[in-house]
Amino acid sequence: MSHRSRLAALCAATAISAVLLAPARPAAAADVWDAPGPYATAVQIGAVNTLYYPRDIATSPRRHPVIVWGNGTGAAPLVYRDLLLYWASHGFIVSAANTPASNLGISMRLGIDALAQADTDPGSVFRGKVDLAHIGASGHSQGGAAAIVVGADPRIDAILPIQPGPLADIDDVHVPALLLAGQYDSIVFPFLVKAFYNDATHIPAIYAEVRGADHFTVVGDPGPFAAPTTAWFRFQLMGDTAARAEFYGPSCGVCTDTRTWSDVRRNALVPKS
């Protein structure tokens, strides 16, 4: 079965408007990222994007950073629901493009536009709650390439491509990048992700290869992808100093965790202190 068929078999794409409440899960402390965060979550399914966000956002005393997401080929946000809800439980608003062909990043950019409009809409639960000054881009496979494409948008502050496809140019990105590969990925081979890393000499860039992961490890239960991706965005979009130590500094967490990572590389622009 092709990777398109495998992903398609896992999802049921929809284009109706709805608001769903995700099942409550045990909450972690606010400074922990290897467990679901302290926020109960909700899902809003629209025609162009699906939103995953803190359930009580309308009464939240703060603004919440944004992550825009791109799907793999033939997939829909439902395929990655567990990961996107995980991020929402940590206080992020996740705008996932519904398109199964996300490479150009058009729907991801539209997701930012829609949230900017919602932030000023008196009838929206997001009014005054969207932190448009802190936006990250992520995605898997074709959507990982889209995260690199969208990384050229001046509104983006950091990118996190997961096993990104080749149709992107990281030379256009001017924000920090965490590039994730799977050790046993036979669709987007690790050397293809390393090629993006090797070309990213103009930005702080980290290459991290998940030990034992194939191309579909992130699908459904995100397993080893959940904690480090959350830490990356908590550092880049929330200024979490504890999460910073996972990536920067002389003995960063990903550098020393050989159980999770089979290969980690940091370029010369990543702070070593």
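Please read these numbers as outputs of a predicted model, since none were measured by experiment.

Q: Got a sec to walk through the pairing of strand 6 (residues 130-140)? Specific residues and values, please.
A: Remember that side chains alternate between the two faces of the sheet whenever the strand is regular. Strand 6 sits mainly inside the fold: 8 of its 11 residues count as buried. Where strand 4 (residues 64-70) lies against strand 6, 7 bridges are found, and the strand directions are parallel. The residue of strand 6 that forms the bridge with Val66 is Ile135.

Q: Got a sec to walk through a negative patch on the surface? Specific residues and values, please.
A: Together, Asp169, Asp171, Asp172 and Asp199 make up a region of like negative charge exposed at the surface. Within the fold, Asp171 resides in the loop between strand 7 (158-162) and strand 8 (177-182).

Q: Outline the state of the cysteines, supporting the account with residue identities and numerical values.
A: Tallying each qualifying case throughout the model produces 1 disulfide. For Cys252, the disulfide goes to Cys255, at an S-S distance of 1.9 Å. Residues Cys252 and Cys255 share a disulfide whose torsion about the S-S bond is about 80°; that sign makes it right-handed. For Cys252, a relative accessible area of 0% corresponds to the buried category.

Q: Explain the packing of aromatic side chains to me, using residue names and the numbers behind them.
A: Using the criterion set out here, one finds 10 aromatic pairs in the structure. Considering the side-chain rings of Tyr53 and Phe126, the 4.8 Å spacing of their centres and the 70° angle between planes classify their relative orientation as edge-to-face. Taken as a pair, Tyr53 in strand 3 (residues 49-54) and Phe126 in the loop between helix 3 (106-118) and strand 6 lie far apart in primary sequence, 73 residues in all. Centroid distance Phe92 to Phe233: 6.4 Å. Interplanar angle 65°. Geometry classified as edge-to-face. Here Phe92, found in the loop between helix 2 (81-89) and strand 5 (93-97), pairs with Phe233, found in helix 6 (residues 226-238); they are 141 residues apart in sequence, far enough to count as distant. Take Phe92 and Phe233: they sit in the same class, and that class is buried. By way of ring pairs, the aromatic residues Trp69, Tyr80, Trp87, Phe92 and Phe233 are connected into one cluster.

Thresholds, definitions, all that
Residues numbered from 1 in each chain as written. Predicted model: local features only at pLDDT ≥ 70, side-chain atom pairs only at ≥ 80, totals over all residues. Heavy atoms only, no water. Buried < 20%, exposed > 50% of the residue type's maximum accessible area, 1.4 Å probe, protein only. Helix = DSSP H or I, 4+ residues; strand = E, 2+ residues; numbered from the N terminus. Pairing = 2+ DSSP bridges. Patch = residues over 30% accessible without salt bridge, like charges linked within 9 Å, V, L, I, M, F, W, Y side chains within 5 Å. Areas by Shrake-Rupley, 256 points an atom, 1.4 Å probe, with all protein chains shown as cover. Salt bridge = Lys/Arg side-chain N within 4 Å of Asp/Glu carboxyl O. Lys, Arg positive; Asp, Glu negative; His and termini not counted. Charge placed at Lys NZ, Arg CZ, Asp CG, Glu CD. Disulfide = S-S within 2.5 Å. Phe/Tyr/Trp six-rings, centres within 6.5 Å; stacked < 30°, edge-to-face > 60°.

Functional significance is not addressed by these values, which are geometric in nature.
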